[in-house]
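Examination of the molecular architecture
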Amino acid sequence: MLIRRLPPVLIDRIAAGEVVERPAAVVKELVENALDAGARAIEVVIQGGGRRLVRVTDDGSGMGPDDLALCVERHATSKLDGEDLLSISTLGFRGEALPSIGSVAHLSIASRPKDAAHAFEVRVDGGVVTPPRPAALGGGTRVEVRDLFYATPARLKFLKSDRAEGAAAADVVRRLALARPDVAFTLVTDERAAVTFPVRADDEQGRAARLADVLGAEAGRNVVAVNGIRDDVVLEGLAGLPTFSKANSLSQYLFVNGRPVRDKLLMGAVRAAYADLLPSDRYPVLALFISLDPRDVDVNVHPAKTEVRFRDGGNVRALIVRTLSDALGARIPSTAGTMADRLVALARTPELGARLSPAAPFVAPGGGAFTGFRPAPALDYDWRQSPARPAISGLGEEEQARLDIAEPSADARADAAPLSAVDLDRPLGAARAQLHETYIVAQTRDGLVLVDQHAAHERLVYEKLKAALARDGVGRQGLLIPAVVDLDPADADRLTERAADLAALGLVLESFGHGAVLVREVPALLKDADVTRLVTDLAEHAAEWDDALPLERRLLHVAATMACHGSVRAGRRLKVEEMNALLREMEETPNAGECNHGRPTFVTLSLKDVEKLFARR
């Protein structure tokens, strides 16, 4: 078989298979061109999921007729000054996108430089180029792509529904809008009304505002600023609170020198930073911007330019992990603001209203019936005129006895204790009561805090174990009588194989025959824990420990299980001094807003939220 040169049109269609994978790729290439042209306002119109029409209009520098004729030729670009591919500062640089798109669709480009008297337009239909001709356009550039893949019908079979393709194209616009808050974006689709992202400042506040524009106001309220530098690599951005997480990674936006990327190294670093804060099936919301010398990153490793290769990937990973960990750990304990909103929404659900509807009278143990809830009284209602008005100013013992339905689960001593003005001004306030021996109610100057005592103390114990491990090892407490724990033989073998890892965390054990282990020492922090239950739980989790993980990560997995057993259990009544001590320690502990399983440790309700519960707002 003879070797032959392929015709230019076929070459362009082969290239289109790499560059133009789907309509979203067309949107990406055209919007990146607009940004490289210095546009300050970009409009994107999508019809039929991008198959029928993609139109991108910008107010950038524009092109004259000579440049219009060149821009649809292969490997013609204005973005490389010389031949150095190691110093790329623009989003595009290959000069393949426009000719590739024109080879599989009807492409028209109209453009007018700012100082030009006329606009010109060039057309490409299935790879056939029409010379530039005069056109009507006020300024900038307008690119239209119609009937995508009409010249290669087989590609249409691999596209998803119009809705799915349109959603992918919209996600591209959102990512580029986050990358450039100083540029206004308008997105028009046939699925919904036009969406506009107004111009924002290109700083921390502007990025937070653009994040709220793109992901919603909730996202803007539940992020912390991130800033770090390591060996001339700069990291800036916004990281979501662990309690404001998603079920997938679509809300993670990563940028390298202004370029949106989906890089495995970066996403792995993010996962490592949140490893102690989120369960494995939850993903944080964040927008991270990495800036470094263009010569230290290769952006020419993927046809769609969505992956990059760093000269020193370890340095970039370490920067992300450390900066995110420091930012999340240094914040004042807080949970997602959506927690209060969910509680308010729950209080207004029809199901809850049905529970409070008038029902049969309830008879208290001391006699006397209480009828169901009645409609709210009229605004001119006067309780003094009620026949149920008590004859004395307070209820006597006999009347109170009728209301004594069950033993209260709250610790009344918290309410009886003097209220400290200093504690009221603290982030988590002053303890006022304990409910169901599980939840602590604290009062602040402008609201209240509800704390899960077990989850909160679990985080405190875990952080102490981590600190001791990093400092000089976890202190041990020898058992007066070593404990023998019977296990499944396979679980016992797994634990004894990891005896060295466990010993580093203060748990010293050894094999004690078939299917049993002998525990000689436990971590000092867990000296009061149930040893048998602790070892049994560790054995159950041992099968999930990944030997490929670094030793530090394996130890932290063990520490997380140990912390659960060393914490205050639900059902234990606490004194007011103990509750306040727990609150103060939470305020001093990193990541105290969530336990090491990713669950929130407390919920804050402002007075405004409480007023919403009672329909006062």
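An account of the accompanying structure is given in this report. Quick caveat: nothing in here was measured; it's all calculated off a predicted structure.

This part is about the overall build of the protein. Along the protein, the regular secondary structure elements total 22 helices and 26 strands. Counting every position in the protein, which comprises 617 residues, the buried fraction comes to 44%. Expressed as a percentage of contacts within the protein between residues at least 6 apart in sequence, the contacts between residues at least 24 apart total 69%. Per element, the accessible surface of the protein, about 31600 Å² overall, is 54% carbon and sulfur.

Looking now at the sheet that holds strand β24 (residues 508-511). Reading across the sheet, the three strands line up as β23-β25-β24 and stay open at both edges, with antiparallel pairing between neighbours. Sheet topology places β23 (476-486) and β24 at the edges, where each strand pairs with a single neighbour. Mean inter-strand twist for the sheet, computed between neighbouring axes without regard to direction, equals 15 degrees. Note that β23 and strand β25 (residues 516-523) share seven bridges and pair antiparallel. Bridging across to β25, Arg476 finds its partner in Pro523. Against the sheet, helix α17 (residues 489-497) engages β24 and β25, with an angle of about 130 degrees to β24. Strands in contact with helix α19 (residues 531-542) are β23 and β25; relative to β23, the strand with the most contacts, it is inclined by about 65 degrees.

Across all of its chains, the model carries 30 salt bridges by this definition. One salt bridge connects Glu144 with Arg146, and the closest N-O pair in it is separated by 3.3 Å. Residue Glu144 is classed as buried on the basis of its relative accessible area, which comes to 15%. Note that Arg584 is salt-bridged to Glu587, the shortest N-O span being 2.9 Å.

What follows covers the packing of helix α2 (residues 23-36) against helix α6 (residues 162-179). Relative orientation of the contacting elements α2 and α6 amounts to 25 degrees, with a least axis distance of 8 Å. In terms of orientation, α2 lies roughly parallel with respect to α6. Relative to α6, the crossing made by α2 is right-handed. Along its contact with α2, which presents Pro23, Ala24, Val27, Lys28, Val31, Glu32 and Leu35, the element α6 presents Glu165, Ala168, Ala169, Val172, Val173 and Leu176. Class assignment of the residues belonging to the contact of α2 with α6 gives a composition of 10 nonpolar, no polar and three charged.

Phi is positive for Asp231, which is not a glycine, with a value near 50 degrees. With respect to the element layout, Asp231 can be found in the loop between β9 (223-230) and β10 (233-240). We classify Asp231 as exposed; its relative accessible area is 60%. Here the phi dihedral of Asn591 falls at roughly 60 degrees; this positive angle occurs in a residue that is not glycine. Among the secondary structure elements, Asn591 is positioned in the loop between α21 (576-588) and β26 (602-606).

Moving on, we get to α17. It helps to recall that an α-helix has 3.6 residues per turn; residues three or four apart then point in one direction. Those residues of α17 that fall on the buried side of the exposure criterion are Asp491, Ala492 and Leu495. Angular distribution of buried residues about the axis of α17 spans 100 degrees; they occupy a single face of the element. Contact partners of the buried residues in α17: α18 (499-504), β24, β25 and α19. If you check the start of α17, you find a side-chain oxygen 3.0 Å away from the backbone N of Ala490, and it comes from Asp488.

Within the structure shown, the criterion is met by one aromatic pair. Between Phe255 and Phe289, the ring centres sit 4.7 Å apart and the planes meet at 10 degrees, which makes this aromatic pair stacked. Here the residue Phe255 occupies a position in strand β12 (residues 252-256), and Phe289 occupies one in strand β15 (residues 286-291), the gap between them amounting to 34 residues. Each member of the pair, Phe255 together with Phe289, is buried. Above the ring of Phe289, the side-chain terminus of Arg207 is found at 4.2 Å from the ring centroid. Sitting above the plane of the Tyr283 ring, Arg271 keeps its charged end 4.6 Å from the centroid.

Our focus in this paragraph is the pairing of β24. Examined bridge by bridge, β24 and β25 share four bridges and lie antiparallel to one another. Within the sheet, the bridge partner assigned to Glu510 lies in β25 and is Leu518. Counting the residues between successive antiparallel strands, the hairpin from β24 to β25 contains four residues, one of them, Gly513, with a positive phi of roughly 90 degrees.

What follows covers the packing of α17 against α19. For the pair α17 and α19, the least separation of the axes is 9 Å and the interaxial angle reads 90 degrees. Overall, the two elements α17 and α19 adopt an arrangement that is roughly perpendicular. Judged by residue contacts, Asp491, Arg494 and Leu495 of α17 engage Val535, Leu538, Ala539 and Ala542 from α19.

To continue, consider the sheet that holds β15. With mixed pairing, the five strands of this open sheet are ordered in space as β9-β10-β15-β12-β13. Where the open sheet ends on each side, the last strands, each with one partner, are β9 and β13 (259-261). On average, each strand axis in the sheet is inclined to that of its neighbour by 20 degrees, with strand direction left out of account. By the bridge criterion, six bridges tie β10 to β15 in an arrangement that is antiparallel. The residue bridging Leu238 from the neighbouring strand is Ala287, located in β15. Helix-sheet contacts for helix α7 (residues 204-215) involve β9, β10, β12 and β15, and the interaxial angle to β10 is about 45 degrees.

This paragraph deals with the pairing of strand β20 (residues 430-435). On any regular strand, side chains alternate: one points to one face of the sheet, the next to the other face. When you tally the buried positions in β20, you get five out of six residues, the bulk of the element. In the sheet, β20 pairs with strand β21 (residues 439-444) via five bridges, with the strands oriented antiparallel. Residue Ala433 lies in a different strand from β21, and its bridge partner there is Val441. Connecting the antiparallel pair β20 and β21 is a turn made up of three residues, with His436 showing a positive phi of about 55 degrees.

Residues Asp231, Asp232, Asp293 and Asp312 make up a contiguous surface patch of negative charge. As for its position among the elements, Asp293 is in the loop between β15 and β16 (297-298). For Asp293, a relative accessible area of 39% gives the class partly exposed.

Calculation notes
Residues numbered from 1 in each chain as written. Predicted model: local features only at pLDDT ≥ 70, side-chain atom pairs only at ≥ 80, totals over all residues. Heavy atoms only, no water. Helix = DSSP H or I, 4+ residues; strand = E, 2+ residues; numbered from the N terminus. Buried < 20%, exposed > 50% of the residue type's maximum accessible area, 1.4 Å probe, protein only. Contact = heavy atoms within 4.5 Å. Areas by Shrake-Rupley, 256 points an atom, 1.4 Å probe, with all protein chains shown as cover. Pairing = 2+ DSSP bridges. Axes fitted to C-alpha atoms, helices over the stretch in contact; angles between N-to-C directions. Salt bridge = Lys/Arg side-chain N within 4 Å of Asp/Glu carboxyl O. Parallel < 35°, antiparallel > 145°, perpendicular 65-115°, else oblique. Left-handed = near helix turned anticlockwise from the far one by under 90°. Nonpolar A, V, L, I, M, F, W, Y, C, P; charged D, E, K, R; others polar. Arc of directions from axis to C-beta. Polar contact = N/O pair within 3.5 Å; in protein donor to acceptor, adjacent residues only side chain to side chain. Phe/Tyr/Trp six-rings, centres within 6.5 Å; stacked < 30°, edge-to-face > 60°. Lys NZ or Arg CZ within 6 Å of the ring centre and 35° of its normal. Patch = residues over 30% accessible without salt bridge, like charges linked within 9 Å, V, L, I, M, F, W, Y side chains within 5 Å. Lys, Arg positive; Asp, Glu negative; His and termini not counted. Charge placed at Lys NZ, Arg CZ, Asp CG, Glu CD.

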